[in-house]
Amino acid sequence: MFKSICRALMNRTVNAALIALVLFISGCTSPSPPDMDNDGISDEEDQDIDGDGFNNTLEINCNSDPQKNTSTPSDIDNDGICDTVDLDIDGDGLPNDWEEERGFDPRDAESKITCHGRSEYCLRTYDDFTFAESHNSFSTPEDGIIAGINHLTGLESQWNDGIRAFMLDPYHPSELQNDKEDIVFCHAIGVANAPPCLFGSVDAFSWLRNLGSLHNNSTGDVVSLLIQNHRVPGQHLEYLFNETGILDRAFIHELGAPWPSIGDMALAKIDVVIYIELEYEENFSKLLPAWKHTWDTPYGESEQEEMSCNLGRGDSAQPVWHMNNWLSTFGLADANKAAQVNDYETLLNRALLCWEEVGNRPTFIAVDYWEQGELTNVTITLNKMEHWTDEIPLHP
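Values in this document were obtained by computation on a predicted structure and should not be read as measured data.

Novice: Just to check I follow, could you spell out the overall build of the protein chain for this structure?
Specialist: On a plain count of helices and strands, the protein chain comes out with eleven helices and 14 strands. The dimensions of the protein chain, computed from C-alpha atoms along their principal axes, are 140 × 45 × 35 Å. Residue pairs at least 24 apart in sequence account for 59% of intrachain contacts in the protein chain once pairs closer than 6 positions are excluded. Of the roughly 19,800 Å² of accessible surface on the protein chain, 51% is carried by carbon and sulfur atoms. Counting 22 positive and 69 negative side-chain charges, the protein chain places the centres of these two groups 6 Å from one another.

The structure is reproduced here in structure tokens:
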């Protein structure tokens, strides 16, 4: 009996094995599906067939082989975007085509230009950037002015902190010194019969040559000058800028034409814009009439509450404009009031308010006593923003 049972079981096992063999040979069963990277996911369903960490579709788009783990997309700047589709291959902040058109290597992060400290600012147009500006830039003890000063420190300190726009007042020292070689910078006090430079003057030629030297030692920076030229003939002013090398790099802007990018101005070495308050009858193409090409807000208020974003002088249809941000006491700059209106939060909030009201960012923010408060930190913050509604970046 026992032997019969064992024989029956054996026959069943043999039969099952034979059935399985027949099914295998006939194709009714098949081996496990292909799994190239042995990750337990069949190649048909595997989003990364070769297991190299890159999606199959991405590899195809990036011209690498999704079935070879030794073939991976090139990504020079390691930003997760392969070079084939990366608009900035080297990650230097400049688009590939922009670099190629200007002679830079888009695959070399060291082959680039920076403008005002950042490569991406080179792409901004001149009228889409905010420059720190000093009012009566020369009027400092370091420059020999003894009273009625506007700042504590002179040009080099202003430059080193990031100021790139300067308000300058050229004069002849007296009726006896009125040749083109005699031009100085000083701040007239507006008193009848008083000499224009009662509180001291600055050699305009030396000051501008120093500015040119600082500019030459920088890269990608654009400088702007607003000239109060009420008493100096155009020929004399042109001579001043020509003798100091400023005129050669002055940009000519056709009224109504779009402003170029900061990068293109810097590369072309036409990186100075000169505005004059008083338009001459003669045509001085590199001396732009300020109130045709720009406009400004009112100035000279005595209290913060009087400040506004309204039109002071010029054409408010122009995209380039000055936000004047200083208060006066008896017509003179006031250090205590400067500390108040140049305060970081105060100045930033006013700039954002004016940006909202005007519709475009202030091109210049002009102050007295730039050392008081945080003028350049405010411009750094504003330039990191594309629109006044953007999230405000962290304090620099």
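What follows continues from the structure just given.
Novice: Whenever I open this one, the packing of helix α5 (residues 204-216) against helix α6 (residues 234-243) confuses me. Can you help?
Specialist: Two numbers describe a pair of packed helices, the interaxial angle and the distance between the axes. Put simply, α5 and α6 touch, their axes get as near as 9 Å, and they point 45° apart. When the interaxial angle is binned, α5 and α6 end up oblique. Handedness of the α5/α6 crossing: right-handed. Note on element contacts: α6 touches α5 through Tyr239, Leu240, Phe241 and Glu243, opposite Ala204, Phe205, Leu208 and Arg209. Broken down by class, the residue content of the contact of α5 with α6 amounts to six nonpolar, no polar and two charged.

Novice: So what exactly am I meant to see when it comes to empty space enclosed by the protein here?
Specialist: Over the atoms rolls a probe the size of a water molecule, and its path tells where empty space is left. Summed over the entire model, instances satisfying the criterion amount to one cavity of 30 Å³ or more. By volume, the largest cavity is sized at about 40 Å³. Lining the largest cavity, in full, are Phe138, Ser139, Ile145, Ala147, His187, Pro196, Cys197, Leu198, Phe199 and Gly200. Considered class by class, the residues forming the lining of the largest cavity number seven nonpolar, three polar and no charged.

Novice: What's the story with the layout of surface pockets in this structure? I'm lost.
Specialist: Roughly 380 Å³ of volume is contained in the largest pocket. Taken together, the residues of the lining of the largest pocket sort by class into ten nonpolar, nine polar and five charged. For the second largest pocket, the lining is made up of 20 residues, of which His116, Gly117, Phe129, Gly162 and Ile380 are closest to its centre. Counting only elements with at least two residues in the lining of the second largest pocket, the list comes to β1 (131-134) and α11 (375-383). With four residues, α11 is the largest single contributor of residues to the lining of the second largest pocket. In the lining of the second largest pocket, the residues fall into five nonpolar, ten polar and five charged.

Novice: For this particular structure, what's the right way to read α11?
Specialist: The periodicity of an α-helix, 3.6 residues per turn, causes residues three or four positions apart to be oriented the same way. Within α11, seven of the nine residues are buried, which leaves the element mostly enclosed by the surrounding structure. Turning to α11, its buried residues are Leu375, Thr376, Val378, Thr379, Thr381, Leu382 and Asn383. Here the buried face of α11 lies against β1, α4 (155-161), α10 (344-358) and β14 (364-367).

Novice: What exactly am I supposed to notice about unusual backbone geometry here?
Specialist: For residues besides glycine, phi is generally negative; the peptide bonds are generally trans as well. Positive phi, normally seen in glycine, also occurs at asparagine 136, with a value near 50°. A positive phi angle, near 60°, is found at lysine 269, a position not held by glycine. With respect to the element layout, lysine 269 can be found in the loop between α7 (262-267) and β7 (272-276).

Novice: In this structure, what is going on with the state of the cysteines? I would like to understand it.
Specialist: Every disulfide links exactly two cysteines, by a covalent bond between their sulfur atoms. Inspection of every chain in the model, using the stated rule, returns four disulfides. Between cysteine 62 and cysteine 82 runs a disulfide, and the two sulfur atoms are separated by 1.9 Å. Here the disulfide of cysteine 62 and cysteine 82 is left-handed, its torsion about the S-S bond being about -80°. Of this pair, cysteine 62 sits in the loop between α2 (56-61) and α3 (96-101) while cysteine 82 sits in the loop between α2 and α3, and the two are 20 residues apart along the sequence. Just as cysteine 62 is buried, cysteine 82 falls in that class too. Here cysteine 186 engages in a disulfide with cysteine 197; their sulfurs sit 2.0 Å apart. Residues cysteine 186 and cysteine 197 are joined through a disulfide that is left-handed, its torsion about the S-S bond being -60°.

Novice: It is not clear to me how the pairing of strand β11 (residues 321-324) should be interpreted in this structure. Could you clarify?
Specialist: For a regular strand, side chains alternate in direction, first toward one face of the sheet and then toward the other. Covered by surrounding structure in β11 are Trp321 and Met323 together with His322 and Asn324, the residues of both alternating faces. One ladder, built from two bridges, connects strand β9 (residues 295-296) with β11; its direction is parallel. Bridge pairing in β11 links aspartate 296 to histidine 322. Here three bridges tie β11 to β14, and the two strands are oriented parallel to one another. When the sheet's bridge partners are listed, histidine 322 is paired in β14 with phenylalanine 364.

Novice: Is there a simple way to think about the sheet that holds strand β8 (residues 288-289) in this case?
Specialist: Within a beta sheet, neighbouring strands are joined by backbone hydrogen bonds and run either parallel or antiparallel to one another. As summarised here, the arrangement of the nine strands in space is β8-β7-β6-β2-β1-β14-β11-β9-β10, forming an open sheet in which the pairing is mixed. Only two strands of the sheet have a single partner each, and these edge strands are β8 and β10 (313-314). Bridge count for strand β6 (residues 223-227) against β7 is five bridges, and the pairing is parallel. Across the sheet, valine 223 pairs through a bridge with valine 272, a residue of β7.

Novice: Would you mind going over α10 with me for this structure?
Specialist: Helix length check: α10, at 15 residues, gives a terminal C-alpha distance of 21 Å against a target of 21 Å (1.5 Å per residue), a fit within 8%. Residues of α10 that are buried: Tyr344, Leu347, Leu348, Arg350, Ala351, Leu352, Cys354 and Trp355. The N-terminus of α10 is capped by aspartate 343, whose side-chain oxygen sits 3.3 Å from the backbone nitrogen of glutamate 345. The first or second residue beyond α10 is glycine 359, which carries a positive phi of 105°.

So, how was this worked out
Residues numbered from 1 in each chain as written. Predicted model: local features only at pLDDT ≥ 70, side-chain atom pairs only at ≥ 80, totals over all residues. Heavy atoms only, no water. Helix = DSSP H or I, 4+ residues; strand = E, 2+ residues; numbered from the N terminus. Contact = heavy atoms within 4.5 Å. Areas by Shrake-Rupley, 256 points an atom, 1.4 Å probe, with all protein chains shown as cover. Lys, Arg positive; Asp, Glu negative; His and termini not counted. Charge placed at Lys NZ, Arg CZ, Asp CG, Glu CD. Axes fitted to C-alpha atoms, helices over the stretch in contact; angles between N-to-C directions. Parallel < 35°, antiparallel > 145°, perpendicular 65-115°, else oblique. Left-handed = near helix turned anticlockwise from the far one by under 90°. Nonpolar A, V, L, I, M, F, W, Y, C, P; charged D, E, K, R; others polar. 1 Å grid on protein atoms, 1.4 Å probe; cavity = no way out; pocket = protein on both sides within 12 Å on 5 of 7 lines; lining within 4 Å. Points joined across faces, edges and corners; volume = space filled by probe spheres on them. Buried < 20%, exposed > 50% of the residue type's maximum accessible area, 1.4 Å probe, protein only. Disulfide = S-S within 2.5 Å. Pairing = 2+ DSSP bridges. Expected span 1.5 Å × (residues − 1). Polar contact = N/O pair within 3.5 Å; in protein donor to acceptor, adjacent residues only side chain to side chain.

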